[in-house]
Amino acid sequence: MDQTLEKHAMTPLPIIDRVRQVEGALVEFVERADLKPGSRLPAERELMSALGVGRSTIREVIRKFQALGIIDSRKGSGNYLLKPISTATVHMPISIEAQSLRDALLMTLEVRRGIEVEASMAAARRRTEDDIETMRLRLEEMERVHLAEGTSGKADLAFHLSIYDATHNSLFKQLLEQMREGFERFWSKPFDRPDFASRSFPFHRTLFDAIVAGDTSAARQETLKILAIVEEDIKDMSK
């Protein structure tokens, strides 16, 4: 048996709501054993034996934690912890159902507007010199890609993620990451138009300048300018 599992022993579970109980037991184990991101978790058979549950229950829990970005399963190697987790962690799974890509993009944008505006203002208040340097590098890469290709795709998203990091509130980035699939579709040439939202390109530099200056009002306005163009292009290009 895994020595870490043996040291921080688990006890068999009663037959009520097994999946939820296994989730809780696994989280408690990670917390007690002080496992860090990158740590290998006990093998499925060891968890089955320790908790007194079947393989299907263990795998259902693993799949759920995979979907939440907590566990990475590597074929032939095992399951690994991707990010810190404890009994105080709140999980917020998100899904989007829409009739069309247009509707999905508009729904995503509606939520993103609120998050993005608040994130920009928070970044303007809290950014450090290291944050500024990271944002600057991401912005320069975005500008380089945009000038070379006429669109910036993932480089644009990377710049926005650096703003989320500069808020020093992990929920901003986590919420965006849980919406990753929708945002990746969003930034991957919607409607087969590589020029999608390209008119917003200059406002990324002015947004960066506002954050560096610590001007929350300007950061809010520049963010809204970007998102207004995005909304216009969604509506125009989906006709």
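Residues numbered from 1 in each chain as written. Predicted model: local features only at pLDDT ≥ 70, side-chain atom pairs only at ≥ 80, totals over all residues. Heavy atoms only, no water.

Helix and strand counts for the protein stand at 11 helices and 2 strands. Along the chain direction, N to C, the helices and strands of the protein fall in the order α-α-α-α-β-β-α-α-α-α-α-α-α. The buried share among the 239 residues of the protein stands at 41%. Residue pairs at least 24 apart in sequence account for 70% of intrachain contacts in the protein once pairs closer than 6 positions are excluded. Total accessible area on the protein is roughly 13200 Å²; 49% of this is exposed by carbon and sulfur atoms. (Helix = DSSP H or I, 4+ residues; strand = E, 2+ residues; numbered from the N terminus. Buried < 20%, exposed > 50% of the residue type's maximum accessible area, 1.4 Å probe, protein only. Contact = heavy atoms within 4.5 Å. Areas by Shrake-Rupley, 256 points an atom, 1.4 Å probe, with all protein chains shown as cover.)

With that settled, the discussion passes to the packing of helix 6 (residues 129-149) against helix 7 (residues 153-166). Orientation of helix 6 relative to helix 7, taken along the N-to-C sense of each, is 165°, at an axis distance of 8 Å. The pairing of helix 6 with helix 7 is recorded here as roughly antiparallel in orientation. Crossing angle aside, the handedness with which helix 6 passes helix 7 is left-handed. Where helix 6 abuts helix 7, its residues D131, T134, M135, R138, L139, E141, M142 and V145 lie against A155, D156, A158, F159, S162, I163 and A166. When its residues are assigned to classes, the contact of helix 6 with helix 7 shows 9 nonpolar, 2 polar and 4 charged. (Axes fitted to C-alpha atoms, helices over the stretch in contact; angles between N-to-C directions. Parallel < 35°, antiparallel > 145°, perpendicular 65-115°, else oblique. Left-handed = near helix turned anticlockwise from the far one by under 90°. Nonpolar A, V, L, I, M, F, W, Y, C, P; charged D, E, K, R; others polar.)

Among the nonpolar cores identified, the biggest contains 21 residues, and L26, L35, I58, F65, I70, I71 and I85 are the most heavily contacted of them. Of all the secondary structure elements, the ones that give two or more residues to this core are helix 2 (18-32), helix 3 (44-51) and helix 4 (55-67). Looking at this core, the element that brings in the most residues is helix 2, giving 6 residues. Ignoring sequence-local partners within four residues, the contact set of I58 consists of V22, E44, L47, M48, L51 and V53. (Core = buried A, V, L, I, M, F, W, Y, C linked by side-chain atoms within 4.5 Å.)

The next point concerns the packing of helix 2 against helix 4. It is at 9 Å that the axes of helix 2 and helix 4 come closest, and there the two elements cross at 65°. Handedness of the helix 2/helix 4 crossing: right-handed. In contact with R18, V19, V22, E23, L26 and V27 of helix 2, helix 4 contributes T57, I58, E60, V61, K64 and F65. Residues that form the contact of helix 2 with helix 4 fall into these classes: 7 nonpolar, 1 polar and 4 charged.

Note that strand 1 (residues 71-74) and strand 2 (residues 78-81) share 4 bridges and pair antiparallel. Bridge assignment links R74 to a residue of strand 2, and that residue is G78. Between the end of strand 1 and the start of strand 2, which pair antiparallel, lie 3 residues, with G76 showing a positive phi angle near 80°. (Pairing = 2+ DSSP bridges.)

Turning to the side chain of E116, a few remarks are in order. Considering the arrangement of structural elements, one finds E116 in helix 5 (residues 101-126). Once residues lying within four places of it in the same chain are set aside, the contact partners of E116 are H160, Y164, T223 and L227.

A word on the environment of G214. Summarising the element assignment, G214 is placed in the loop between helix 10 (201-213) and helix 11 (216-237). Linking G214 and A123, residues 91 residues apart in sequence, is a C-alpha distance of 8.1 Å. Beyond its immediate sequence surroundings of up to four residues, G214 is in contact with A124 and R127.

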